[in-house]
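Architecture at a glance
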Amino acid sequence: MAHARALKLMGVARRLSLVAAVFVIAALLAGTAGTSYAKSNKKPPSSGDPGLIDSVVVSNYGFAFDGSLEAFCGEPKYNWLSVPCLEGAGRNASPVLQVKGANTLLGASTGAALDAVSSLDQRVAVAVPLDLTDQACFGEPSAAASYPEACNEYIRSALDLPANAAVPPAPFAGTGFAEIFSQGANGNSAPENVIGTRDAAFSRGATPTTLTYLPPATGVNTPQGVAFENPNDGVWPGTDIVAIANTLSFVTGPLGEPLSTADSPACYAFGAALDESCTGVGEPYSCCTGTTAPSCTGVGTPDACCTGEKTGPTCGTGNCPDPGYNPSCTGVGAPYYCCTGKGTGTCSGFTVGTVTEFDRLTLQSGYNDQAVPFQNNPVTEANRFQIIRHKLAGYTFDEDQLCSETADNNNYYCFGPSYPQNATIGGCSTFMLGPSALTFDELGYLFVVNTAEAPTTAFVTVYYPTEIGDAYPWAVIGLPGEPIPSPTVGDLITPVSVTVYSDGISFFDDVMYVTDAGAPYTPRSKGVHAIPAVPPSVKIFSIPSSSFNGSTFWYDGKLLGEIKGPHTKLNRPAGIALSANGDTLYVVNSGANSLEMFTGVAGITGTVDLPPTLIISGPASKMNSPVGVALPQF
């Protein structure tokens, strides 16, 4: 499975999933939507029109750094909000609560991503992937701005600088954060908890000083998805676990595994194609497989690397390539961290992303910079947290640093050695490849959407309850490249979010719903046929016990059906939520600023062009590029 495209996510402009990346660009170009706060549900549904059944909370990415959260009323018996609801919101409804403003941190950054609601006490969690304005001390202010003084104080404390000392240059993009709001948060409310480590990214020092910001203790790195576990599933009694999907972490394995190791299955699978010179098993070099060397006729014959007839190590001399031969490398650290020069590098493979979990009940109020993940199992990551900028003359590089020359041939950027990064789930066995959304079922199984290579490759990994660290998936839906092809390969194009109906009895009774934004039409180009557009949809999967794959030792799952067609009104569908009885589905459309409610979804098979029972949209809704929708799952 080719992994080169996923590695290009190292650029800040591509640090988000496909759908969220569109929001970043749009936020810089578009104007803002309305900014007034909603006070009450003054617009009941019109006579005869259906109303919202469940109360829900919507996260808005927001154009031009205008992120927000807003809540809509459901029927009184399904209302979990802190405000009373007389009836379900109708198609022209206003939100009854709206969290927006500088104190929320939702507008001081790139805007909200996906959200989730605790089933313990209805707290609302939301992910914020990047911090571009640094009003929250998670990134760098613009060239014309300066750090807020509170951020200066924090940095001085972290670096043991005296009071009023000049603050060194900042990271040029923060690692993002997740935040948790109270059930009744409204207006310009500050979050109760912020999970993330401020100013822990991509440090750059003045010549020839080296400034190193420690990797984030929280392990939070470009989060896009959040999910609360069922507090009554018996997995971790007495906790309220919130899981965060970290999209950008480049993981080479469990703690202590070197960068060049590719023994673990996922790192081998994802990294094997990094050496683009490989054309097949043992072709043209033995390192394409690791053992076969057809040119060898005996020990040391005809090349020193030969260990016997037709055998030899992965690298050597002569017919065996030079150590670390990799024609995909164009220079030191380019295009991959593991490149050591032009045509060289030990790019053996790695996974992308981690999951960090936290017990909300143990978080302190405000910032949690040094909070260590629940059931912490550190991983080894490629180091992007140390950058040295210096003049060429009179400077010697350390052997454990990778340095690349800049365009002016005068300055170099150096990346430190791989480092330990805190995580709950991460490593080469996890098969994660850009986790961007996640959810739990009622029994504690964790479902993770992986989108680093969407739309060419996207899939869902599922992890067994209590599985932490370098966890091997219990199920994988949609991953190609297996020895025994999975029946779900190609079923997911651009998945965005996931929700699961669970009866609480058996995992094999779960039904998984995934929003899929599809893919646009690709016109014909020289030597390449046109690729037709793939319409948006909601994909529905089961994971029966009969889908066990004896080759991969996981369950492949089965596509049951999909909600797709012009009557669905789906337009870049993003967040998705399901009612407790599994019969009502809620979807937000980032392309239409709308919230849709589909009823009667239980038992759908095949392709159904299902019209929504209700669409909430229009100026009164104040939806502004909605991304997530959530309600208490359990």
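Thresholds applied
Sequence order as written defines residue numbering, which begins from 1 separately in each chain. For this predicted model, a pLDDT threshold of at least 70 governs which residues receive local features, and a threshold of 80 or more governs which side-chain atom pairs are given and counted, while totals over whole chains, interfaces and linings are taken from all residues. Based on all heavy atoms of the structure, the side-chain values leave hydrogens and waters out of the count. Only DSSP runs of H or I covering at least 4 residues are called helices, and only runs of E covering at least 2 are called strands; the numbering of each starts at the N terminus. Accessibility here uses a 1.4 Å probe with only protein chains present; expressed as a share of the type maximum, an area under 20% marks a residue as buried, one over 50% as exposed, and anything in between as partly exposed. Residue exposure ignores everything except the shown protein chains as possible cover, and the areas themselves are Shrake-Rupley values with a 1.4 Å probe. Of the grid points, spaced at 1 Å and generated over the protein atoms alone, those admitting a 1.4 Å probe that cannot get out make up cavities, while open sets with protein on both sides within 12 Å along at least five of seven lines make up pockets; any residue with an atom within 4 Å of a point is treated as lining. Grid points are joined across faces, edges and corners, and a volume is the space filled by probe spheres set on the points. Strand pairing is defined by DSSP finding a minimum of two bridges between the two strands. Inter-axis angles, ranging from 0 to 180 degrees, are taken between N-to-C directions of lines fitted to C-alpha atoms, where helices are fitted over the stretch in contact. In this scheme Phe, Tyr and Trp rings, the latter by its six-membered ring, pair at centre separations within 6.5 Å, and the angle between planes marks the pair as stacked below 30 degrees, edge-to-face above 60, and tilted otherwise. Contacts between residues were defined by any pair of non-hydrogen atoms, one from each residue, lying within 4.5 Å. Whenever a carboxyl oxygen of Asp or Glu lies within 4 Å of a side-chain nitrogen of Lys or Arg, that contact is scored as a salt bridge. Definition used in this section: a nonpolar core is a set of buried Ala, Val, Leu, Ile, Met, Phe, Trp, Tyr and Cys residues joined via side-chain atoms within 4.5 Å. Surface patches are defined over residues having more than 30% relative accessible area and no salt bridge, joining like charges when they lie within 9 Å and nonpolar side chains (Val, Leu, Ile, Met, Phe, Trp, Tyr) when within 5 Å. The criterion for a disulfide is a pair of cysteine sulfur atoms lying within 2.5 Å. The pLDDT value tells you how sure the predictor is about a given residue, anywhere from 0 up to 100. By the criterion applied in these results, polar contacts are pairs of N or O atoms within 3.5 Å in which, for protein atoms, one can donate a hydrogen and the other can accept it, and in which residues neighboring in sequence qualify only through two side-chain atoms.

**Considerations on the overall build of the protein chain**
- Helices and strands together make up the secondary structure of the protein chain, namely four helices and 36 strands.
- Out of the 634 residues in the protein chain, the part that is buried amounts to 57%.
- With an accessible surface of roughly 23900 Å², the protein chain has 55% of that area assigned to carbon and sulfur atoms.

**Some thoughts on the layout of surface pockets**
- Approximately 370 Å³ is the volume attributed to the second largest pocket.
- Forming the walls of the second largest pocket are 31 residues, and the residues nearest its centre are T439, T499, A577, L631 and Q633.
- Where the lining of the second largest pocket is concerned, the elements lending two or more residues are β4 (115-117), β8 (223-228), β21 (435-440), β25 (495-501), β31 (573-578) and β36 (626-630).
- The element that contributes the greatest number of residues to the lining of the second largest pocket is β25, accounting for five residues.

**Considering unusual backbone geometry**
- Notably, Q122 is not glycine yet its phi reads approximately 65 degrees, a positive angle.
- On the basis of relative accessible area, Q122 is assigned to the buried category, the value being 18%.

**Regarding the sheet that holds strand β2 (residues 68-72)**
- Taking strand neighbours across the sheet as the criterion, the four strands line up as β3-β2-β1-β36 in an open arrangement whose pairing is antiparallel. Lying at the two open borders of the sheet, with one neighbouring strand each, are β3 (97-99) and β36. Across the sheet, the axes of successive neighbouring strands diverge by a mean angle of 20 degrees, strand direction being ignored.
- Of the strand pairs in this sheet, strand β1 (residues 56-60) and β2 are connected by five bridges, and their pairing is antiparallel. Considered in β2, the bridge of V56 is made with F72.

**Details of the packing of aromatic side chains**
- Using the criterion set out here, one finds 15 aromatic pairs in the structure.
- Summarising the aromatic geometry, the rings of Y445 and W474 are spaced 6.1 Å apart at their centres and angled 50 degrees between planes, so their arrangement reads as tilted. A residue pair is termed long-range when its members are at least 10 positions apart, and Y445 in the loop between β21 and β22 (446-453) and W474 in the loop between β23 (457-463) and β24 (475-477) qualify at 29 residues.
- We classify Y445 as buried; its relative accessible area is 9%.
- Residue classification places W474 among the partly exposed positions, given a relative accessible area of 28%.

**A short note on the sheet that holds strand β15 (residues 366-368)**
- Read from one edge to the other, the open sheet built from five strands follows the order β4-β5-β6-β7-β15, with strand pairing classed as mixed. Each edge of the sheet is formed by a strand with only one pairing partner; in this case those strands are β4 and β15. Taken over all neighbouring pairs, the strand axes of this sheet differ in orientation by 20 degrees on average, direction set aside.
- With three bridges connecting them, strand β6 (residues 177-181) and strand β7 (residues 193-195) associate as antiparallel partners. Within β7, the residue paired with E179 across the bridge is V194.

**Description of the environment of W474**
- Considered as a pair, W474 and V462 are 12 residues apart in the sequence and their alpha carbons are 5.5 Å apart.
- Those residues in contact with W474 that lie beyond four places of it in its chain are Y445, V462, Y463, Y464, F507, F508, W554 and Y555.

**Quick word on the pattern of salt bridges**
- Within the structure shown, the criterion is met by seven salt bridges.
- Put simply, R360 and D121 hold a salt bridge, and the shortest N to O gap is 2.4 Å. Of this pair, R360 sits in the loop between β14 (351-359) and β15 while D121 is found in the loop between β4 and β5 (124-128), placing the two residues 239 residues apart along the sequence. Take R360 and D121: they sit in the same class, and that class is buried.

**Points about the nonpolar core**
- In terms of nonpolar packing, the biggest core is built from 41 residues, with L52, F72, Y586 and L595 touching the most fellow members.
- Counting residues in each nonpolar core, the second largest holds 20 residues, with A437, L492, V514 and V627 among its members.

**Details of a nonpolar patch on the surface**
- On the surface, Y472, F548 and F553 cluster together into a nonpolar patch covering about 310 Å² of accessible area.
- Examined against the element boundaries, Y472 turns out to sit in the loop between β23 and β24.

**As for the state of the cysteines**
- All chains considered together, the criterion is met by one disulfide.
- Residue pairing for C73: its cysteine sulfur links by disulfide to C85, the two sulfurs lying 1.9 Å apart. Across the S-S bond of C73 and C85 the torsion is about -75 degrees, and the bridge reads as left-handed. Placement of the pair is C73 in the loop between β2 and β3 and C85 in the loop between β2 and β3, with a sequence separation of 12 residues. The pair formed by C73 and C85 is uniform in burial state, with each residue classed as buried.

**Side note on the pairing of β5**
- Burial of β5 is extensive: five of the five residues sit out of reach of the surface.
- Neither face of β5 is left uncovered, since the one carrying V124, V126 and V128 and the one carrying A125 and A127 both have all their residues buried.
- In terms of strand pairing, β4 meets β5 through three bridges, oriented antiparallel. The residue of β5 that forms the bridge with V117 is V124.

**Considerations on the environment of F72**
- Inspection of the secondary structure puts F72 in strand β2.
- Linking F72 and I616, residues 544 residues apart in sequence, is a C-alpha distance of 9.6 Å.

**Quick word on the confidence of the model for the protein chain**
- In this model, the protein chain carries a mean pLDDT of 75, and residues with pLDDT of at least 70 account for 60%.
- Note that pLDDT drops below 50 for residues 271-293; the model gives that stretch 59 contacts with residues more than four away or on any other chain.
- Contacts for the low-pLDDT stretch residues 310-326, under 50 throughout, to residues beyond four places or in other chains number 60 contacts.

**Details of the side chain of N246**
- Relative to the helices and strands, N246 resides in strand β9 (residues 241-254).
- Separated by 3.0 Å, the side chain of N246 and the backbone nitrogen of N221 make a polar contact.

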